[in-house]
Amino acid sequence: MAHVVVVGAGIVGLATAARLAADGHRVTVLDKERRVATHQTGRNSGVIHSGLYYAPGSLKATMAVAGSRSMVDFATRHLVDVRVTGKLVVASTDDEVDGLHRLAERGAANGVAARLVTSSQARELEPHVACVEALRVEPTGIVDYVGVCRALADEVRAAGGEVLLGAGLVAAQEDTSGVRVRAAHGDGSGRLDLQADGLVSCAGLQADRVARACEVDPSARIVPFRGEYFTLAPRAAALVQGLVYPVPDPRFPFLGVHLTRGVDGGVHAGPNAVLALAREGYTWRDVVPGDLADALSWPGTWRMAVHNVVPGAREVLRSLSRKAFAASVARIVPGIREDDLLPAPAGVRAQAVERDGTLADDFVIQRTARQVHVLNAPSPAATAALEIARHIAAELAL
């Protein structure tokens, strides 16, 4: 039985810890926050993705398709709120139809159950939607991801492992005998020294920094993108039955502003995607000079900006103008107005950016003899968390 330290108590870290514990390993989870799922996992829209959007054969595609089933099964077994609702991807204008059809072809290549529907058929599913054609995607669902994380943490503890919250990794050194890990309690109560056989980092927004602290040179830099949400007022929420998405802009790795009826019954609109001024910067007022300098000193950030001037400017406009945000939502459901948008908590996506400005499109996992570092795990990582965990457990191979 090996001792493995897992850094990060988001859904990928906890799923990995639970998988390793189920395989018979002794597991210690470290997280600097005082509760699980504090950042990306606890601030997303709760969607279980089908695998529709991703390049056939990619880790994203294969793991999302499998994850859309395993996540529903896990949540059901652990009495976590989950529903398979399906969703509509709508082409609002004729010039979006070709993109919708390409999406349907990609979904078919990935084995996703989806079908093209006419505008009248779309309105049978979503009476207030505006479109010329739509794609009905069956396996999409919604789930309480924070509840999933709590259930995963319980599994780790039940198997004899530890979930140490408020204990952040400081450094780690690997040698032929194992990995020496040094952590610190956030309340100043002291340091924690662990001798492990292996280490897995699922540190999200801090993934590249954790890699460097473990004497691993990360292959990409994390650049944070804030996604801002609104909740629809009751009048407008009544116009949305389930999940409604636009045809995504192929130049940008984000899905566009969409509408999601969550497990709590409320409807969220969002997110947009703007450069965050801190790794954990959930408003424009959250500025951490070191985080900002880290992003702006990376050549890939500037190259990415040059290649995405138009979509980037559109995202900033939506962030600064509720009217512009409402106009984006009204393209797919015209009855929604500016005064229907009520502020909701934002999230920050940890996006790995290559030196040439390429936004890493697939999961990026880097390993040494005794370490595995998840350097890029954006959406659909929550959906695919149990599948990513199986992959990591095999990669660690202790």
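If you're wondering where the values come from, they're calculated on a predicted model, not measured in any experiment.

Draft legend 1. The arrangement of the overall build of the protein chain in detail. Check the secondary structure of the protein chain and you find 12 helices and 21 strands. The globule rule puts the C-alpha radius of gyration for 398 residues at 21 Å, and the 21 Å found for the protein chain is close to it. The C-alpha extent of the protein chain, read off along each of the three principal axes, is 65 × 45 × 35 Å. Classification of the 398 residues of the protein chain by burial places 56% in the buried group. Looking at the protein chain alone, contacts between residues at least 24 apart form 72% of all its contacts between residues at least 6 apart. Across the protein chain, the 42 positively charged side chains and the 43 negatively charged ones have centroids separated by 2 Å.

Draft legend 2. Looking closely at the sheet that holds strand β4 (residues 82-84). Taken in spatial order, the three strands line up as β3-β8-β4 in an open sheet, and their pairing is antiparallel. Strands with a single pairing partner mark the edges of an open sheet, and in this sheet they are β3 (47-48) and β4. Sheet topology note: the β4/strand β8 (residues 141-143) ladder contains three bridges and is antiparallel. Paired with Val84 across the bridge in β8 is Gly141. Its contacts with the sheet put helix α2 (residues 59-77) on β3, β4 and β8, and the angle it makes with β4 is roughly 140°.

Draft legend 3. Just the nonpolar core, in detail. Grouped together as the largest cluster of nonpolar side chains are 47 residues, with contacts concentrated most on Ile11, Val148, Leu152 and Val200. When contributions to this core are tallied by element, the ones reaching two or more residues are β1 (3-7), α1 (11-22), β2 (26-31), α2, α5 (145-158), β21 (371-376) and α12 (385-396). At eight residues, the largest contribution of residues to this core is made by α1. Counting 29 residues, the second largest nonpolar core, distinct from the first, contains Val7, Val179, Val216 and Val364.

Draft legend 4. Just the pairing of β21, in detail. With six of six residues buried, β21 is to be regarded as a mostly interior element. When strand β13 (residues 198-201) meets β21, the two strands line up parallel, connected through three bridges. Opposite Val200, over in β21, you have Val372 as the bridge partner. The pairing of strand β20 (residues 364-367) with β21 spans four bridges and is antiparallel. Across the sheet, residue Val364 finds its bridge partner in β21, namely Asn376. Between β20 and β21, which pair antiparallel one after the other, the connecting turn spans three residues.

Draft legend 5. Representation of the sheet that holds β2. A sheet is described by the order of its strands in space; here six strands give the open sequence β9-β2-β1-β13-β21-β20, paired in mixed fashion. Of all the strands in the sheet, the pair left with one neighbour each is β9 (162-165) and β20. Neighbour-to-neighbour, the strand axes of this sheet turn through a mean angle of 15°, independent of strand direction. The sheet contact formed by β1 and β13 spans four bridges and is parallel. The residue bridging Val4 from the neighbouring strand is Gly198, located in β13. Sitting on the sheet, α1 touches β1, β2 and β13, and the angle it makes with β2 is about 165°.

Draft legend 6. Region of interest: the pattern of salt bridges. The tally for this structure, following the rule as stated, stands at 20 salt bridges. In this structure, the salt-bridge partner of Arg221 is Asp294, at a minimum N-O distance of 3.0 Å. In this pair, Arg221 sits in strand β14 (residues 221-232) while Asp294 sits in helix α8 (residues 289-296), placing the two residues 73 residues apart along the sequence. Here Arg221 and Asp294 have matching classes, each one buried. The partner of Arg318 in a salt bridge is Glu315, and the shortest N-O contact between them spans 2.4 Å. A residue pair is termed a helical-turn pair when its members lie 3 or 4 positions apart in one helix, as Arg318 and Glu315 do in helix α10 (residues 309-320) at three residues. Linked by salt bridges that have partners in common, Asp208, Arg209, Arg221, Arg279, Asp291 and Asp294 make up one network.

Draft legend 7. Main features of the layout of surface pockets. The computed volume of the second largest pocket comes to approximately 390 Å³. Together, 17 residues line the second largest pocket, and Gly42, Asn44, Ser45, Gly46 and His268 are the ones closest to its centre. Of all the secondary-structure elements, those providing two or more residues to the lining of the second largest pocket are β8 and α5. Counted by class, the lining of the second largest pocket contains seven nonpolar, seven polar and three charged residues.

Rules behind the numbers
Residues numbered from 1 in each chain as written. Predicted model: local features only at pLDDT ≥ 70, side-chain atom pairs only at ≥ 80, totals over all residues. Heavy atoms only, no water. Helix = DSSP H or I, 4+ residues; strand = E, 2+ residues; numbered from the N terminus. Rg over C-alpha atoms; globule rule 2.2 N^0.38 Å. Buried < 20%, exposed > 50% of the residue type's maximum accessible area, 1.4 Å probe, protein only. Contact = heavy atoms within 4.5 Å. Lys, Arg positive; Asp, Glu negative; His and termini not counted. Charge placed at Lys NZ, Arg CZ, Asp CG, Glu CD. Pairing = 2+ DSSP bridges. Axes fitted to C-alpha atoms, helices over the stretch in contact; angles between N-to-C directions. Core = buried A, V, L, I, M, F, W, Y, C linked by side-chain atoms within 4.5 Å. Salt bridge = Lys/Arg side-chain N within 4 Å of Asp/Glu carboxyl O. 1 Å grid on protein atoms, 1.4 Å probe; cavity = no way out; pocket = protein on both sides within 12 Å on 5 of 7 lines; lining within 4 Å. Points joined across faces, edges and corners; volume = space filled by probe spheres on them. Nonpolar A, V, L, I, M, F, W, Y, C, P; charged D, E, K, R; others polar.

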